[in-house]
Amino acid sequence: VADAIWNARDPEHVRHFAAFLKPMQRASGTRRLDDELVALETVQAWILTLAEVPADVLEEARRRVLAEGITWMPRPGDLKRHCAAIVEERRRAYYAGAASRIAECPRCFGSTWTEVEIDGVAHSVRCGCFVSVIALEANAPKAIALPAAPDDDEAR
Ligand SMILES: [Zn+2]
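The residue count restarts for each chain, going from 1 along the sequence in the order it is written. With the structure being a predicted model, the display of local features is reserved for residues of pLDDT at least 70 and the display and counting of side-chain atom pairs for 80 or more, all residues being used for whole-chain, interface and lining totals. Side-chain metrics rest on all non-hydrogen atoms present in the structure, leaving aside hydrogens and water.

In this analysis, strands are considered paired if DSSP registers two or more bridges between them. To qualify as a helix, a DSSP run of H or I must reach at least 4 residues; to qualify as a strand, a run of E must reach at least 2; elements of each kind are numbered from the N terminus. Relative to strand β2 (residues 121–126), strand β1 (residues 113–118) is paired through 6 bridges, and the arrangement is antiparallel. Residue Trp-113 lies in a different strand from β2, and its bridge partner there is Arg-126. Counting the residues between successive antiparallel strands, the hairpin from β1 to β2 contains 2 residues, one of them, Asp-119, with a positive phi of roughly 50°.

As structure tokens, then:
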């Protein structure tokens, strides 16, 4: 799970999120954020909920929410569900790309193993395609954790 990117106490981040929320606020016609104190607390709540979501994922999630044609101000959790779905799509694409790089490898033909000769003896070693995919795994998009659905709690 990803680390926090946004800090609710950082005035720069608060300004960024306040501007980020504006289009949804306008689209939904909410007046909830007109009061400055309410606005600060609301923006901070949004930051706490979305602290680990990268800026480009937030923007794509907002684009999707606005494309739905909202008639109410979304809550932070509404946007976070979109963010988690976007990151999940990216993770799937990332791992599909990695899998096909291995499958199409001309050296191991997807087995991830290749033979090298050391002092006249053949050794099986991991193919470079596998090694590079493992090395790149650190770059895979980090999953966004969502709170358990209310139904899950009731089932316990
Ligand atoms: Zn290979």
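In this section: the coordination of the zinc ion. Coordination shells were defined by N, O and S atoms within 2.8 Å of each metal, extended to 3.2 Å for Na, K and Ca; water is absent from the atom set, which can make sites look incomplete. Every protein donor of the zinc ion is accounted for by Cys-105 (SG), Cys-108 (SG), Cys-127 (SG) and Cys-129 (SG), and the metal-donor separations fall at 2.3 Å. Around the zinc ion sit 4 donor atoms; with metal-centred angles ranging over 105 to 113°, the donor geometry is tetrahedral. With a relative accessible area of 0%, Cys-127 lands in the buried category. Geometry is assigned from donor-metal-donor angles: four donors are tetrahedral when every angle falls between 85 and 135 degrees, four are square planar and six octahedral when opposite donors sit over 155 degrees apart with all other angles between 65 and 115, and any other arrangement is irregular. Burial here depends on accessible area, computed with a 1.4 Å probe over protein chains only, as a share of the maximum for the residue type. Under 20% is buried, over 50% is exposed, and the range in between is partly exposed.

What follows is about the packing of aromatic side chains. Only Phe, Tyr and Trp rings take part, Trp by its six-membered ring, and two of them pair if their centres are within 6.5 Å. Stacked means planes under 30 degrees apart, edge-to-face means over 60, and tilted covers everything else. In the structure shown here, the tally under the stated rule is 3 aromatic pairs. Taken together, a centroid distance of 5.2 Å and an interplanar angle of 85° make the contact between Tyr-94 and Tyr-95 edge-to-face. An aromatic cluster is present here, built from Trp-6, Phe-17 and Phe-20 joined pairwise through their rings. Whether a charge sits over a ring depends on NZ of Lys or CZ of Arg being within 6 Å of the ring centre and within 35 degrees of the ring normal. The cationic tip of Arg-126 hangs over the ring face of Phe-130; the distance from NZ or CZ to the ring centre is 4.1 Å.

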